[in-house]
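Architecture at a glance
Residue strings, one per chain:
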Amino acid sequence: MSTNVTAKSPAPAPAGKGGSTGGGDGLLQLMVDGMRRNMRQYGMLIALGLIVVLFAVWTDGDLLLPRNVSNLVLQNSYILILAIGMMLVIIAGHIDLSVGSLTAFVGAVAAVLMVKHDLDWPIAVVLCLLLGAAAGAAQGFFIAYLGIPSFIVTLAGMLTFRGLTEIFLEGQTLGPFPEGLQKVSNGFLPEVGPDTNYHNLTLLLGFAVIAFIVLQEFRDRRRQQEFALDVPPFKLFLLKIVALAAAVLTVTMMLASYKGAPVVLLILGVLVVGFGYVMRNAVIGRHIYAIGGNLPAAKLSGVRDKKVTFLVFLNMGMLAALAGLVFAARFNAASPKAGVNFELEAIAASFIGGASMSGGVGTVLGAIIGGVVLGVLNNGMNLVGVGSDWQQVIKGLVLLLAVGFDVWNKRKVGS
């Protein structure tokens, strides 16, 4: 009996090392199995590619014009910033309904400080980030240490911050903002080097990102193999790297042929790399996954769940403040109606990007992918003239499909 088990066990081993068990059919089966095992990881990337192709054809290529790609980044930057923080909140097993109102409130405070009181914008930015962190910390205290459900606390925060926004702005729009802050949200990297008909600094950054992705993917795969974890077949792994590199190169060339990379894209890049590293490698990242995946087990393992939850909401508040500054600077004014439905967009981006309703599942990159899916949908539907009413219907159906896929995938894995 043991002989039979030993004879069957080597079959999956070559997949992790890039080997093959017998001809093209065997390799094809390994790739199909790898896709099934990693459906959560690859599903939205495939969906994003299909959506881009659909709207590129539907708009006769207007979707992929360099100017439109640049505008797509600028228009969705604040939602992507919120989605990063919201993903961490959802992984921890909570929700935050206050981020849209908090972005409006921070924008209002920034306008009062810079426009009415002529405070230097770098100092005002620091104060606003601290304000956002304090607001998030206050909500985190009620949730973590007083045990009030996050839905109730953040719902109260949503109402409170919206009211404070009206009070600070006295019901009026206030602007304009200093030019330096506007450049953070609307500006582009400067031109450097010789004239090549492309933005040289953007090209260099794009190639650096591709190199980073390749090295990171190989390092992660090697670490997974060292710990005897399941990895995709090597050819599927290479296909993933080629697809990611091609996507980054395509976006790089488009941006470099227009005005270059927007400044806010660098901010997003730093956030993605930083939070991605924290969630993959840092102790607090593993603790966030632990309390969202199985809170009783996490407590028994010594995880300080209250402190982790508190820090997650503090971080969400700071990112909401950053998003509020970016949004206000982009439109060069603070408005009482700013940030409406931003929390819903961030939550939708997280779930579309692979977060689970039960917590404990999700990635920072997934939040970005989900946000980009929503951004492409919005932009594409605007280009083809779809009304705002039908846009809401379509986005709602996309969210329902994403969560439905998560439920189906769980049941399939469980069975």
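Residues numbered from 1 in each chain as written. Predicted model: local features only at pLDDT ≥ 70, side-chain atom pairs only at ≥ 80, totals over all residues. Heavy atoms only, no water.

If you look the protein chain up in an unreviewed UniProt entry, it shows as Xylose transport system permease protein XylH from Streptomyces dioscori. In its Function (unreviewed entry) section, the UniProt record describing the protein chain reads: "Part of the binding-protein-dependent transport system for D-xylose. Probably responsible for the translocation of the substrate across the membrane." As stated in UniProt under Subcellular location (unreviewed entry), the record for the protein chain gives "Cell membrane". (UniProt positions renumbered as here; feature names shortened; annotations may be inferred.)

Looking now at the overall build of the protein chain. Counting its regular elements, the protein chain contains 18 helices and zero strands. For the protein chain, the share of sequence-separated contacts (at least 6 apart) that also reach a separation of at least 24 residues comes to 79%. (Helix = DSSP H or I, 4+ residues; strand = E, 2+ residues; numbered from the N terminus. Contact = heavy atoms within 4.5 Å.)

Bringing the UniProt feature "transmembrane region" (unreviewed entry) in the protein chain into the picture now. Per the UniProt record, the feature "transmembrane region" (unreviewed entry) sits at residues 41-58, 78-111, 123-148, 198-215, 236-255, 261-279, 308-331 and 351-377. In the segment residues 198-215, helix accounts for 89% and strand for 0%; the C-alpha atoms at its two ends are 26 Å apart. Helix makes up 59% of residues 351-377 and strand makes up 0%, while its end C-alpha atoms are separated by 16 Å.

A cluster of basic residues, Arg219, Arg222, Arg223, Arg280 and Arg286, forms a positive patch at the surface. Sort the elements by how many residues they give to the positive patch and helix α10 (residues 200-226) lands first, with three residues. Relative to the elements of secondary structure, Arg222 occurs in helix α10. Accessibility expressed as a relative area gives 45% for Arg222, which makes it partly exposed. (Patch = residues over 30% accessible without salt bridge, like charges linked within 9 Å, V, L, I, M, F, W, Y side chains within 5 Å. Areas by Shrake-Rupley, 256 points an atom, 1.4 Å probe, with all protein chains shown as cover. Salt bridge = Lys/Arg side-chain N within 4 Å of Asp/Glu carboxyl O. Lys, Arg positive; Asp, Glu negative; His and termini not counted. Charge placed at Lys NZ, Arg CZ, Asp CG, Glu CD. Buried < 20%, exposed > 50% of the residue type's maximum accessible area, 1.4 Å probe, protein only.)

The next point concerns a nonpolar patch on the surface. Together, Phe141, Phe142, Tyr145, Leu146, Ile148, Phe151, Ile152, Leu155 and Leu159 make up an exposed nonpolar region whose accessible area comes to about 840 Å². For the nonpolar patch, the secondary-structure elements that each account for two or more residues are α7 (121-144) and α8 (150-169). No other element matches the four residues that α8 contributes to the nonpolar patch. Relative to the helices and strands, Phe142 resides in helix α7.

Taken as a whole and judged by the stated rule, the model has 13 aromatic pairs. Note on Phe327 and Phe331: the rings are 4.9 Å apart at their centroids and 50° apart in plane angle, and the pair reads as tilted. Here Phe331 and Phe327 lie together in helix α15 (residues 305-331), a separation of four residues that amounts to about one turn. Ring geometry for Phe327 and Phe342: centres 5.1 Å apart, planes at 85°, overall edge-to-face. With Phe327 in helix α15 and Phe342 in helix α16 (residues 342-352), the pair connects residues that are 15 residues apart, well separated along the chain. By relative accessible area, which is 17% here, Phe327 ends up buried. Among the aromatic residues, those joined into a cluster by ring pairs are Tyr78, Phe327, Phe331 and Phe342. Its guanidinium or amino end placed over the ring of Phe237, Arg221 lies 4.7 Å from that ring's centre, counting from NZ or CZ. (Phe/Tyr/Trp six-rings, centres within 6.5 Å; stacked < 30°, edge-to-face > 60°. Lys NZ or Arg CZ within 6 Å of the ring centre and 35° of its normal.)

A word on helix α17 (residues 364-383). Because an α-helix completes one turn every 3.6 residues, residues spaced three or four positions apart along the sequence face the same direction. Here α17 contains 20 residues, and its C-alpha end-to-end distance of 29 Å stays within 8% of the 28 Å for a straight helix at 1.5 Å per residue. Of all 20 residues in α17, 16 are buried; the element is thus mostly enclosed. One side-chain oxygen at the N-terminal end of α17 lies 2.9 Å from the backbone nitrogen of Gly366; it belongs to Thr363. Positive phi appears at Gly385, one or two residues downstream of α17, with a value of about 85°. (Expected span 1.5 Å × (residues − 1). Polar contact = N/O pair within 3.5 Å; in protein donor to acceptor, adjacent residues only side chain to side chain.)

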